[in-house]
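Structural overview for review
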Amino acid sequence: MTVAVETGVWQLDQAASTVGISHKTMWGLVNVKGTFGTFSGQGEVRGDGSAVGTLTLGAASLDTKNAKRDKHLRSADLFDVEKFPEITFAVRSAELTGDTVHVVGQLTVHGISRPQTFTARLKDATGEALTLDAEFTVDRDQFGLGWNQMGMLRGLTTVTTTLRFLRTAA
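Analysis parameters
Residues numbered from 1 in each chain as written. Predicted model: local features only at pLDDT ≥ 70, side-chain atom pairs only at ≥ 80, totals over all residues. Heavy atoms only, no water. Helix = DSSP H or I, 4+ residues; strand = E, 2+ residues; numbered from the N terminus. Buried < 20%, exposed > 50% of the residue type's maximum accessible area, 1.4 Å probe, protein only. Phe/Tyr/Trp six-rings, centres within 6.5 Å; stacked < 30°, edge-to-face > 60°. Core = buried A, V, L, I, M, F, W, Y, C linked by side-chain atoms within 4.5 Å. Contact = heavy atoms within 4.5 Å. Pairing = 2+ DSSP bridges.

Description of unusual backbone geometry
- Residues other than glycine seldom take positive phi values, yet Lys65 does so here, at roughly 70 degrees.
- Inspection of the secondary structure puts Lys65 in the loop between strand 6 (62–63) and helix 1 (67–74).
- Given a relative accessible area of 72%, Lys65 falls into the exposed group.
- The phi angle at His110 is positive, at roughly 60 degrees, despite the residue not being glycine.
- Looking at where His110 falls in the secondary structure, it is placed in the loop between strand 8 (100–109) and strand 9 (112–125).

Notes on the packing of aromatic side chains
- Using the criterion set out here, one finds two aromatic pairs in the structure.
- Centroid distance Phe89 to Phe118: 5.6 Å. Interplanar angle 50 degrees. Geometry classified as tilted. Of the two residues, Phe89 sits in strand 7 (residues 86–97) while Phe118 sits in strand 9, which places them 29 residues apart along the sequence. Just as Phe89 is buried, Phe118 falls in that class too.
- Seen in terms of ring centroids, Phe118 and Phe136 are 4.4 Å apart; in terms of plane orientation they differ by 15 degrees. Their pairing is stacked. Here the residue Phe118 occupies a position in strand 9, and Phe136 occupies one in strand 10 (residues 129–138), the gap between them amounting to 18 residues. The pair formed by Phe118 and Phe136 is uniform in burial state, with each residue classed as buried.
- Joined through ring pairs, the aromatic side chains of Phe89, Phe118 and Phe136 make up one cluster.

Quick notes on the nonpolar core
- If you look at the biggest cluster of nonpolar residues, it comprises 35 residues, and the most contacted ones within it are Phe36, Ile87 and Val103.
- Beyond its immediate stretch of four places on either side in the chain, Phe36 contacts Val19, Ile21, Leu57, Gly58, Ala59, Ser61, Leu62 and Ile87.

Describing the pairing of strand 5 (residues 51–58)
- Burial runs high along strand 5: six of the eight residues are buried.
- Pairing of strand 4 (residues 39–45) with strand 5, which is carried by seven bridges, proceeds in the antiparallel orientation. Each bridged residue has a counterpart across the sheet, and for Glu44 the counterpart in strand 5 is Val52.
- Pairing geometry for strand 5 and strand 7, over seven bridges, is antiparallel. The residue of strand 7 that forms the bridge with Leu57 is Ile87.

A few points about the pairing of strand 9
- Note: strand 8 against strand 9, 10 bridges, orientation antiparallel. Pairing of Thr108 across the sheet is with Ser113, part of strand 9.
- Between the end of strand 8 and the start of strand 9, which pair antiparallel, lie two residues, with His110 showing a positive phi angle near 60 degrees.
- Looking at chain direction, strand 9 and strand 10 are connected through five bridges and run antiparallel. Residue pairing in the sheet places Arg121 in a bridge with Asp133 of strand 10.
- The antiparallel pairing of strand 9 with strand 10 creates a hairpin that spans three residues between the two strands.

By themselves, these figures tell us nothing about what the structure is for.
Below, the structure written as structure tokens:
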């Protein structure tokens, strides 16, 4: 499938988008899932078809459906949301081939920035809206989130997104 995405500025539709994470804990026996309730983003599709943009997450908005765990995630042991209230992903380039988007960017968590690449899928696109699905993994240790009491946290954190963008008026 070959899809053309309209050039211009696109704004994230938070109501139609989701950003979630999952991570194995309790020595790999329990898969903890959470979603971010506060996020924003925008992007620009250039005339050559490439795209750039930014996605910003409110670190304190992570909800795992367990208040005690969420409080700990927000603490200085992990996200330290008082000091680092936002998690950002800056898209440096996004290239569409068929319905696959190769994304190259920079992820900043806990004040530490690292390159991040992944493949997204263009789920649908019209002249006014587009939806991207992506799943990729992140090594939390690379972002200073190394707290790991008794070795309970293992492996990589999986980030799963469905991002709906609306084209802004020119």
